Amino acid sequence: MIHEPERECMAKDTLAALQLEALQAVLARAYLHVPFYRKRFDEVRVDPDEVRSLDDLRRLPFTTREDLQANYPYGLFAVPLREVVRIHASTCMSVVVGYTRNDIKTWSELMARILVAGGVSKDDVVQIALGYNLSTGGFGVHYGAERIGASVIPTSTGNTRRQLKIMRDFKTTALVATPGYAAHLSRTLHDQGTPRGALSLRVALLGGEPLSDLVRREIQDRLGVIATDNYGLSEVMGPGVAGECVERSGLHINEDHFLVEVVDPKSLVPVPAGEPGELVITTLSKEAFPVIRFRTRDITRLFPGTCACGRTTVRMARVERRSDDILIVRGVKVDPRRVRELFVEIEGHASAHRILVERSGGMDSLTLLVGVEDSSDLDEVKTQQERLDRLRRGLSSELGLTVSVRLVEPASLVT
Amino acid sequence: MPERKTNALPVAPAAAPAHVLRLRNLESGYGNLKVLRHVSLHISRGEIVCIIGANGAGKTTLLRTIVGLVRAQSGEILFEGRNITAARTEAIARSGCSLVPEGRQVFAPLTVRENLLLGATAQERREDRVPSEDQLARVFALFPRLEEREEQLAGTLSGGEQQMLALGRALMARPSLILLDEPSMGLAPLVAKEIFSTIRRLRDEGNTVLLVEQNARAALKVASRGYVLENGRIMLEETAESLLANRDVVRAYLGRDLDAEQAMDTGR
């Protein structure tokens, strides 16, 4: 099934004509309404009027996550706040994004495309185990599932036992979660000895963090589902940017709304077709928060050729690594620099530390190893315990995920 | 109006390109004055697409450039897949692209019938031409009022009737694309409403229409998509429904919708 065949199966030249139209309009809007973009374009002396082809986009400067952060909170909005009906933010709250009523509508359609591509129909009972909060995941998928007319259960994240009870009792047929959480659910089921037949699950849509072949196989085997990967990021829209169809041979990019480039992360020159590089996205339809040549830092490559499903949109490889040091833990982006900042905020200075991400068993965990000088004062154990608690609470609440803190000898920080 | 199906005006063969009209980076203007700046847009078969924009945004220039009355300075115009950027106006009209100009411009001293038959001359050299009388019958089916006034001089018609005549004259050429410039301008609200319901019928019968209108709300209600033109640039392309919901567009081009406000007030 294809949600919008007239948009997802367009001839290449028809698509290119639409992209050029939309690109010229979004550049005109960004130049007129966003001082940041106007300044940037002026600096490189490119008049958006001179963009006559899709290739001309390359003459415009890139936008980085740091640019977005520097314009916190509303500096890059292209419409007045009164037109904005929704505000989301990245996990560490350094980037704020807005949506107009139309943006929400577009988001629903694009997410509906991805759900349908992953095998979801209006007859499905969709359990959405993604956060319904400041992050974009839960809401985006929710709108898409409602758009299709599926029965939506907004379980949000956490409380594994309740999730599994709902999955059994409510006869969930489609699960939406991060790969790590889906793997955790499948393992818990397995440990409980619940037979696969006790579930009604058919498909799982996984996103928010990298999906490895191993984890996909485990989830598919244990849950008896077709598991598809999908990709999105809050700076660009949230989920809805790209997603696999049931062929599972690359993620179809919603190219009529997102213009993508793949560039060498060092030279920033486009890589030869099909080669890996950093994904760069320009939004073509976003009203409230357009981004022009946004460097995602995600490494991927574009697949040549057409897909057996009939969609003509270009496919990208699953994202397995990044071109920066941002860690993705359970769908949450963790910037090591932010951890250092928080350390300073909590303790006044940052002791030597290391961030340890363990992917043992699919469920990622983040541990902060803090080096302490050999403490002769054993009566300080209580103080140390308090310090650990303070760090753990502070980091967990600020980063939006559970962090363990361990004190170790400084020597063990060096590997 | 399904009972009118038999009178449907002809549509182009299915093998034709997906876009009836495609503009790419079109620039035009008058002398040194550049009015349109790299306008790119498209119209698919059977669509009503509406251009909205303030006075002076370049809407009329856009239509006049498409039919070659104003020369494109750069860019290209593809009509039915053929590049017509440099074509002469008569050739463009003969190839099936009809402009209904602002202010009707019917031939006042001629009768309704004569006006309509003049419109048919554009299709005379086509291999698939139909007898003018057959085409006349189709137009009369769409506008019974014109049949009633068949022998009346066009100059004596009311404004609404003249607009119908201008539309009917364009249809006589059996166009695959109709360009409408401000069809409701200067008409009483009720008459304008009638014109819009005629446009809706044109669409139901498979015609493709590019509509330029000051009355953006009414235009968006019959259109499937719209482009917002500002200072000669396309600023927004959306479905008509989305444009009607876009508060910026509403404020800038649609004015207040007193009906809707009233409905909301009473709803409360």
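Residues numbered from 1 in each chain as written. Chains lettered and ligands numbered in written order. Predicted model: local features only at pLDDT ≥ 70, side-chain atom pairs only at ≥ 80, totals over all residues.

1. Some thoughts on the overall build of chain B
So, step 1. The number of helices and strands found in chain B is eleven helices and ten strands.
So, step 2. Expressed as a percentage of its 268 residues, the buried residues of chain B come to 47%. (Helix = DSSP H or I, 4+ residues; strand = E, 2+ residues; numbered from the N terminus. Buried ≥ 20, exposed ≤ 12 C-beta atoms within 10 Å, placed from the backbone.)

2. Focus: the interface of chain A and chain B
So, step 1. Contact residues are listed per partner, giving 17 residues for chain A and 20 residues for chain B.
So, step 2. Elements represented by at least two residues in the side of chain A that touches chain B include exactly helix H2 (12-33) and helix H5 (101-117) of chain A.
So, step 3. Ranked by the residues each element gives to the side of chain A that touches chain B, the list is headed by H2(A), at nine residues.
So, step 4. By residue class, the composition of the side of chain A that touches chain B is seven nonpolar, three polar and seven charged. (Contact = placed C-beta atoms within 7 Å. Nonpolar A, V, L, I, M, F, W, Y, C, P; charged D, E, K, R; others polar.)

3. Considerations on the sheet that holds strand E5 (residues 174-177) of chain A
Residue and element names in this part refer to chain A.
So, step 1. If you trace the nine strands from one edge of the open sheet to the other, you get E4-E3-E5-E6-E7-E8-E9-E14-E13, paired in mixed fashion. Edge positions in the sheet fall to strand E4 (151-153) and strand E13 (302-303), since each of these pairs with one other strand and no more.
So, step 2. Of the strand pairs in this sheet, E13 and strand E14 (residues 315-316) are connected by two bridges, and their pairing is antiparallel. Looking across to E14, one finds that Leu 302 is bridged to Met 316.
So, step 3. Sheet contacts for H5: strand E6 (203-207), strand E7 (226-233), strand E8 (238-244) and strand E9 (251-253); angle to E8, the most-contacted strand, approximately 30°. (Pairing = 2+ DSSP bridges. Axes fitted to C-alpha atoms, helices over the stretch in contact; angles between N-to-C directions.)

4. Focus on helix H9 (residues 213-223) of chain A
Residues and elements named next belong to chain A.
So, step 1. Considered for burial, the residues of H9 that qualify are Val 215, Arg 216, Glu 218, Ile 219 and Leu 223. All buried residues of H9 project into a common sector of 165° when viewed along the axis, lining one side. Turned more than 90 degrees from where H9 packs its buried face, Asp 213, Leu 214 and Arg 217 sit exposed.
So, step 2. The elements touched by buried residues of H9 are helix H8 (179-192), E6 and E7. (Arc of directions from axis to C-beta.)

5. Quick word on the sheet that holds strand E18 (residues 353-358) of chain A
Residue and element names in this part refer to chain A.
So, step 1. Spatial ordering of the open sheet is given by E18-E19-E20, a layout of three strands whose pairing is mixed. Every other strand in the sheet has two partners, leaving E18 and strand E20 (403-408) as the edge strands with one partner each. Between one strand axis and the next, the sheet turns by 25° as a mean value, whatever way the strands run.
So, step 2. Note that E18 and strand E19 (residues 365-371) share six bridges and pair antiparallel. Residue Val 357 lies in a different strand from E19, and its bridge partner there is Leu 366.
So, step 3. Of the strands in this sheet, E19 and E20 touch helix H11 (residues 381-399), which is tilted by about 145° from E20.

6. Overview of the domain arrangement of chain A
So, step 1. Once the domains are mapped, chain A shows domain 1 (5-324) and domain 2 (335-413).
So, step 2. For domain 1 of chain A versus domain 2 of chain A, the distance between C-alpha centres works out to 32 Å. (Domains from an automatic or database assignment.)

7. Considerations on the nonpolar core
So, step 1. If you look at the biggest cluster of nonpolar residues, it comprises 170 residues, and the most contacted ones within it are A:Val126, A:Val176, A:Ala204, B:Cys50, B:Leu179 and B:Leu211.
So, step 2. In terms of residue count, H2(A) provides more of this core than any other element does, eleven residues in total.
So, step 3. Among the nonpolar cores identified, the runner-up in size contains 13 residues, and A:Leu342, A:Leu366, A:Leu368 and A:Leu395 belong to it. (Core = buried A, V, L, I, M, F, W, Y, C linked by C-beta atoms within 7 Å.)

8. Concerning the domain arrangement of chain B
All names here are of chain B.
So, step 1. If you check the domain split of chain B, you get domain 1 (18-96 + 177-268) and domain 2 (108-175).
So, step 2. On a C-alpha basis, the centres of domain 1 and domain 2 stand 23 Å from each other.
So, step 3. With 13 residues of domain 1 at the interface, the matching set in domain 2 holds eleven residues.
So, step 4. A total of five residues in the side of domain 1 that touches domain 2 trace back to one element, the largest contributor, which is helix H7 (residues 189-204).
So, step 5. Considered class by class, the residues forming the side of domain 1 that touches domain 2 number seven nonpolar, three polar and three charged.

9. Topic: the environment of A:Asp169
Residue and element names in this part refer to chain A.
So, step 1. Residue placement: Asp 169 occurs in helix H7 (residues 160-169).
So, step 2. Owing to 8 C-beta atoms within 10 Å, Asp 169 belongs among the exposed residues under this scheme.
So, step 3. Put simply, Asp 169 and Arg 354 are 185 residues apart on the chain and 43 Å apart in space, counted from C-alpha to C-alpha.

10. What about the confidence of the model for chain B?
Residue and element names in this part refer to chain B.
So, step 1. On average, residues of chain B score 86 in pLDDT, and 89% of them are at 70 or above.
So, step 2. Least confident of the elements in chain B is helix H11 (residues 258-267), whose mean pLDDT is 53; most confident is strand E8 (residues 209-212), at 96.
So, step 3. Note that residues 1-14 has pLDDT below 50 and, in this model, 17 contacts with residues that lie over four places away or in other chains.
So, step 4. Here the predicted complex carries an ipTM of 0.73, next to a pTM of 0.80. (pLDDT = per-residue confidence, 0-100.)

11. Let's talk about the environment of A:Arg187
Residue and element names in this part refer to chain A.
So, step 1. Positionally, Arg 187 belongs in helix H8.
So, step 2. Arg 187 sits in the partly exposed class, given 17 other C-beta atoms within 10 Å.
So, step 3. Considering only alpha carbons, one finds Arg 187 and Val 332, 145 residues apart in sequence, at a separation of 21 Å.

12. Some thoughts on the pairing of E5(A)
Residue and element names in this part refer to chain A.
So, step 1. The alternating pattern of E5 places Ala 174 and Val 176 on one face and Leu 175 and Ala 177 on the opposite face, and all of these are buried.
So, step 2. Here strand E3 (residues 125-128) pairs with E5 via three bridges, running parallel. Counted as the bridge partner of Val 126 is Ala 174 from E5.
So, step 3. Sheet topology note: the E5/E6 ladder contains four bridges and is parallel. When the bridges of E6 are listed, Val 176 appears paired with Leu 205.

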